[in-house]
Amino acid sequence: MEVHPAPIGALHQGKLMTSFVTTTCPNCGEIDVPLSEVVLRVNDDDGSGACVLRCTDCGARFSKIADDSMMILLVAAGIEVQTWVKPAEVDERPTHLAPITHAELVAFAAMLDDPAALSGWMSAER
Ligand SMILES: [Zn+2]
């Protein structure tokens, strides 16, 4: 990802120049995205950052990791910044449980079509 900040008040062919980033859309390949379509999300816990972008051609939303120098450039260019913290619930999950398997997901999806089975499963002792 490459940042192209526009000089303040600079005109190009009579129009006010806008800042943009050059990046790669998963559908369209290399694209230029105006900063109005980019949000920098900074994790307050560790200071890491990622850009959330919307492709102006196909509308796809995707994210790109932003290192420290990229974040400084983006903030200087006037990008919208949002901060977030990891929800406490993430650390409250039991660690002794095995990850959910694909077979369990398929069985659960089938159960959603059978209210009696779903009700029985939800009332069972776990
Ligand atoms: Zn696209």
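Before reading further, recall that the structure is shown in the block above.
This section reports on the structure supplied with the text.

A word on the environment of Cys28
So, step 1. Locating Cys28 in the fold gives a position in the loop between β4 (20-25) and β5 (29-34).
So, step 2. The class for Cys28 is exposed, based on 12 C-beta atoms found within 10 Å.
So, step 3. Separated by 44 residues in sequence, Cys28 and Ile72 have C-alpha atoms that sit 27 Å apart.
So, step 4. Not counting chain neighbours up to four residues away, the residues in contact with Cys28 comprise Cys55, Asp57 and Cys58.

Quick notes on the environment of Glu37
So, step 1. With respect to the helices and strands, the residue Glu37 is situated in the loop between β5 and β6 (38-43).
So, step 2. The class for Glu37 is partly exposed, based on 15 C-beta atoms found within 10 Å.
So, step 3. Each C-alpha atom, one on Glu37 and one on Ala88, is 30 Å from the other, the two residues being 51 residues apart in sequence.
So, step 4. Beyond its immediate chain neighbours, meaning those up to four positions away, Glu37 contacts Leu53, Arg54 and Thr56.

Quick notes on the sheet that holds strand β9 (residues 80-84)
Sheet strands pair by backbone hydrogen bonding; their relative direction is either parallel or antiparallel.
So, step 1. Taken in spatial order, the 4 strands make up an open sheet running β8-β7-β6-β9, and their pairing is mixed. The strands lining the two open edges of the sheet, one partner per strand, are β8 (61-66) and β9. Here the average twist between neighbouring strands, direction ignored, is 25°.
So, step 2. In this sheet, strand β7 (residues 49-54) lies alongside β6 in antiparallel orientation, the contact comprising 5 bridges. Bridge pairing links Val39 to Val52 in β7.

Some thoughts on the nonpolar core
So, step 1. Residues Val3, Phe20, Val21, Leu35, Val38, Cys51, Leu53, Ala66, Leu74 and Ile79 constitute the largest nonpolar core, which totals 10 residues.
So, step 2. Listed by contribution, the elements that provide at least two residues to this core are β4 and β7.
So, step 3. Each residue touching Ile79, except ones within four places of it in the same chain, is listed here: Leu35, Val38, Leu40 and Leu74.

Thoughts on the pairing of β6
So, step 1. If you look at the hairpin formed by β6 and β7, you'll find 5 residues sitting between the two strands, and Gly47 has a positive phi there, around 80°.
So, step 2. Here 5 bridges tie β6 to β9, and the two strands are oriented parallel to one another. Counterpart to Asn43 in the pairing with β9 is Trp84.

Remarks on the pairing of β4
Side-chain positions along a regular strand alternate between the two faces of the sheet.
So, step 1. In this structure, strand β1 (residues 2-4) lies alongside β4, joined through 3 bridges in antiparallel fashion. Each bridged residue has a counterpart across the sheet, and for Val3 the counterpart in β4 is Val21.
So, step 2. Alignment of β4 against β5, held across 6 bridges, turns out to be antiparallel. Counted as the bridge partner of Phe20 is Pro34 from β5.

Criteria and cut-off values
- The numbering scheme is per chain: residues are counted from 1 as the chain's sequence reads.
- Totals for whole chains, interfaces and linings use every residue, but because this is a predicted model, local features are given only for residues with pLDDT of at least 70 and side-chain atom pairs only at 80 or more, for both listing and counting.
- By the criteria applied, helices consist of DSSP H or I runs no shorter than four residues and strands consist of E runs no shorter than two, each listed in order from the N terminus.
- Every C-beta atom is placed from the backbone, and the number of other C-beta atoms within 10 Å of a residue's own sets its class: buried at 20 or more, exposed at 12 or fewer, partly exposed in between.
- By definition, residue pairs are in contact when their C-beta atoms, positioned from the backbone, come within 7 Å.
- We call two strands paired when DSSP finds no fewer than two bridges between them.
- Axis angles are defined between N-to-C directions and span 0 to 180 degrees, where every axis is a line fitted to C-alpha atoms and, for a helix, only to the segment in contact.
- Think of a nonpolar core as buried Ala, Val, Leu, Ile, Met, Phe, Trp, Tyr and Cys residues chained together by C-beta atoms that fall within 7 Å.

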